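Read off the chains here:
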Amino acid sequence: MKKIVLASTFAVSVLLANPSSYEQTANKVAKELLKTLGGNLKKHLKANGPVDALRFCSTNAYNLTQKVSDKFGKEIDVKRISLKPRNPANTPNSEEAAILRKMEDTYKKSQKASSIIVEKNDKTIVYKPLVIKKKACIICHGDLSKRPKLAQAIKDIYPTDKATGYKMGDLRGAIVVTIKKGK
Ligand code: HEC
């Protein structure tokens, strides 16, 4: 995967000494997160359908993400962000939003979703794109006009939900892996 190293915009230090090792760590963490969330999601979709799976995600996705983060120790933090968040806790701050917009821009131009790596003081932050590649994602993040029950359940739990209307291939957001350096 192509990567972009952002060096100037955010009061960032010199270029990475060894970007590949940070990226490898980030890949490992992101993979574990996707496995954890995806496995649970699939299980609940299959067993009891989308409304049950939605309830499961709403009560557990955030905590499961925290658990994966904890598993890798306190030097590593992982979270998900989106410009159109469902859970307000996944709203990016202004710097993260700028990076997501840049990621989207590059994706639109090149049709390739690329990771963005930011060096910041004592941290390396790897932004990994999350593109909608599975039809299952569309159930809860696509056009919900034909699923009124699910749409209502989403509205009840997330009154400010923005995470619908996505199509296959759309950039949904990013997994952000923060790695403290010198550890
Ligand atoms: C059963 C419904 C459901 C399905 C299917 C689903 N999601 Fe979600 N998604 C949710 C819910 C609920 C949240 C909010 C979770 C939370 O509270 O942290 C969410 C949150 C997210 C977020 C975090 C940002 C935000 O908007 O809060 C991303 C990224 C995301 N989903 C991507 C995906 C992708 C990619 C797929 C397909 C693999 C997918 N989702 C499938 C229900 C679903």
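That block above? That's the structure.
The sections below set out a description of the structure shown in this document. (Residues numbered from 1 in each chain as written. Predicted model: local features only at pLDDT ≥ 70, side-chain atom pairs only at ≥ 80, totals over all residues. Heavy atoms only, no water.)

### A short note on the overall build of the protein chain
Scanning the protein chain from terminus to terminus reveals five helices and five strands. The linear arrangement of helices and strands in the protein chain, starting from the amino end, is β-α-α-β-α-β-β-α-α-β. The burial tally for the protein chain puts 42% of its 183 residues in the buried class. For the protein chain, the exposed area adds up to about 10700 Å²; of that, 54% sits on carbon and sulfur atoms. (Helix = DSSP H or I, 4+ residues; strand = E, 2+ residues; numbered from the N terminus. Buried < 20%, exposed > 50% of the residue type's maximum accessible area, 1.4 Å probe, protein only. Areas by Shrake-Rupley, 256 points an atom, 1.4 Å probe, with all protein chains shown as cover.)

### Looking at the pairing of strand E4 (residues 123-131)
Two faces make up the sheet, and in a regular strand the side chains alternate between them. Counted residue by residue, E4 has seven buried out of nine residues, so it is predominantly covered. Relative to E4, strand E3 (residues 115-120) is paired through five bridges, and the arrangement is antiparallel. Residue Lys 120 lies in a different strand from E4, and its bridge partner there is Lys 123. Both E4 and strand E5 (residues 171-180) contribute to a ladder of nine bridges, which runs antiparallel. Of the residues in E5, the one forming a bridge with Pro 129 is Ala 174. (Pairing = 2+ DSSP bridges.)

### Regarding the coordination of the iron atom of the ligand
Tetrahedral metal sites with four donors have an ideal angle of 109.5 degrees; octahedral sites with six donors have ideal angles of 90 or 180 degrees. Counting protein donors around the iron atom of the ligand gives one, His 141 (NE2), at 2.1 Å. Among the secondary structure elements, His 141 is positioned in helix H4 (residues 135-141). (Donors = N, O, S within 2.8 Å, 3.2 Å for Na, K, Ca; no water.)

### Overview of the side chain of Thr 124
Along the chain, the position of Thr 124 falls in strand E4. A polar atom in the side chain of Thr 124 sits 2.7 Å from the side chain of Glu 119. (Polar contact = N/O pair within 3.5 Å; in protein donor to acceptor, adjacent residues only side chain to side chain.)

### So, the pattern of salt bridges
Evaluation of the coordinates by the stated rule reveals six salt bridges. Residues Lys 79 and Glu 96 are paired through a salt bridge, measuring 2.6 Å at the closest nitrogen-oxygen approach. With Lys 79 in strand E2 (residues 76-81) and Glu 96 in helix H3 (residues 94-110), this pair connects stretches of sequence that are 17 residues apart. Judged by relative accessible area, which is 8%, Glu 96 ranks as buried. The salt bridge partner of Lys 181 is Glu 119, with a shortest N-O separation of 3.0 Å. On the criterion of sequence distance, the pair formed by Lys 181 in the segment after E5 and Glu 119 in strand E3 is long-range, its members being 62 residues apart. (Salt bridge = Lys/Arg side-chain N within 4 Å of Asp/Glu carboxyl O.)

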